[in-house]
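# A look at the structure
Below, each chain spelled out in residue letters.
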Amino acid sequence: MTQPIGRSLILSTVGVFLFVAVVCACTCGDFGLTWDEPVYRQSQQRAAVWIRDVFHARSAADFGFRCDGRTLHYDWVYGRFGINFHPPLAGILNLATYETFGWVMRDIPARRMGAVICFAGAVALLFHAMSKRYGVWTGLVSAGCLLLPPRAFADGQIVATDAP
């Protein structure tokens, strides 16, 4: 008897995730460029060049040069004061979604999909936890309370490092 309830809860959680992801993906290109997005994009581009060079290294010396401290300091501008003082996780997620969705979407909306997926996952996890504990209506209200405030909705759709 508990198995169908578990399956239906998992299916409804996946449905909430897909709904939020599709809504945010459809609207993430509608508003303009935010203040920090060019800086984050530049950090991601430099990291992408480093990753490409590591995978195309032809010798141990070339690989060693890519892993040298000065090269890492130049190519990975995350986590220190300056151009991008945030940890690299959000940048790596945004870079991965750019590589995944870049052939379908424009540059900035494709990079924003990392935040969209994190935001949709947070809404779906909140829905799942509250539905499992208190019921589906409480889960829906909780998910709506996270999804619908304008600040949370907007932060879930920009190339930012704080929301993810």
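Residues numbered from 1 in each chain as written. Predicted model: local features only at pLDDT ≥ 70, side-chain atom pairs only at ≥ 80, totals over all residues. Heavy atoms only, no water.

### Comments concerning helix α6 (residues 107–134)
Helical geometry note: an α-helix holds 3.6 residues per turn, so side chains three or four residues apart project in the same direction. Note the cut-off: Helix and strand definitions here come from DSSP, where helices need a minimum of 4 consecutive H or I residues and strands a minimum of 2 consecutive E residues; each element is numbered from the N-terminal end. Here the expected span of a helix is defined as 1.5 Å times the quantity of residues minus one. To get the bend at a given residue, fit one axis to the seven residues ending there, fit another to the seven starting there, and take the angle between those axes.
For α6, which comprises 28 residues, the first-to-last C-alpha distance of 41 Å matches the rise-based estimate of 40 Å (1.5 Å per residue) to within 8%. The principal kink in α6, of about 30 degrees, is found at G114. G135, located one to two residues past α6, shows a positive phi value of around 120 degrees.

### Side note on the environment of L140
Selection criterion: We call a residue buried when its accessible area falls under 20% of the maximum for its residue type, exposed when it is over 50%, and partly exposed in between, using a 1.4 Å probe and counting protein chains only.
For L140, the location among the structural elements is in helix α7 (residues 136–147). A relative accessible area of 39% places L140 in the partly exposed class. In the structure, L140 is positioned 14 residues away from L126 in sequence and 9.0 Å away in space, judged by C-alpha atoms.

### A short note on helix α5 (residues 89–101)
Keep this limit in mind: What the arc covers is the set of directions going from the helix axis to the C-beta atoms. Should any heavy atoms of two residues lie within 4.5 Å, those residues are considered in contact.
Between its terminal C-alpha atoms α5 stretches 18 Å, which fits the 18 Å expected from 13 residues at 1.5 Å a residue. Every buried residue of α5 is accounted for by A90, G91, N94, L95 and T97. All buried residues of α5 lie within an arc of 165 degrees about the axis, which places them on one face of the element. Among the exposed residues of α5, those pointing more than 90 degrees away from its buried face are L89 and E99. Looking at the packing, one finds that the buried side of α5 touches α2 (37–55) and α6.

### Re the packing of α5 against α6
Put simply, the rule reads: Comment: axis = line fitted to C-alpha atoms, over the contacting stretch for helices; angle = value between 0 and 180 degrees taken between N-to-C directions. Reported orientations rely on four angle classes, namely roughly parallel under 35 degrees, roughly antiparallel over 145, roughly perpendicular from 65 to 115, and oblique for the rest. Each crossing gets its hand from how the near helix is turned against the far one by less than a right angle, where anticlockwise is left-handed and clockwise is right-handed. For this scheme, ten residues count as nonpolar: Ala, Val, Leu, Ile, Met, Phe, Trp, Tyr, Cys and Pro. Four count as charged, namely Asp, Glu, Lys and Arg, and the remainder, Gly too, count as polar.
The contact between α5 and α6 brings their axes to 7 Å, and the two run at 120 degrees. Between α5 and α6, the angle falls in the class oblique. Seen along the crossing, α5 lies across α6 with a hand that is right-handed. Residue-level inspection shows L93, N94, L95, T97, Y98 and F101 of α5 in contact with α6, the latter providing D107, A110, R111, M113, G114, A115, I117 and C118. Partitioned by chemical class, the residues of the contact of α5 with α6 number 9 nonpolar, 3 polar and 2 charged.

### Description of the nonpolar core
What counts here: We call a set of buried residues a nonpolar core when its members are Ala, Val, Leu, Ile, Met, Phe, Trp, Tyr or Cys and they connect through side-chain atoms within 4.5 Å of each other.
Membership of the largest hydrophobic core comes to 14 residues, with the highest contact counts inside it found for V16, V20, C24, V116, F119, V123 and L147. Within the residue set of this core, elements represented by two or more residues are α1 (2–27), α6 and α7. With 7 residues, the top contributor of residues to this core is α6. In this structure, C24 is in contact with V116, F119, F153 and Q157, ignoring residues within four places of it in sequence.

### Things to note about the packing of α2 against α5
Remark: α2 packs on α5, axes separated minimally by 10 Å, with the N-to-C direction vectors making an angle of 75 degrees. Our classification of the angle between α2 and α5 gives roughly perpendicular. Residues Q44, A48 and I51 of α2 form the contact with α5, whose participating residues are G91, N94 and L95. Split by residue class, the contact of α2 with α5 holds 3 nonpolar, 3 polar and no charged.

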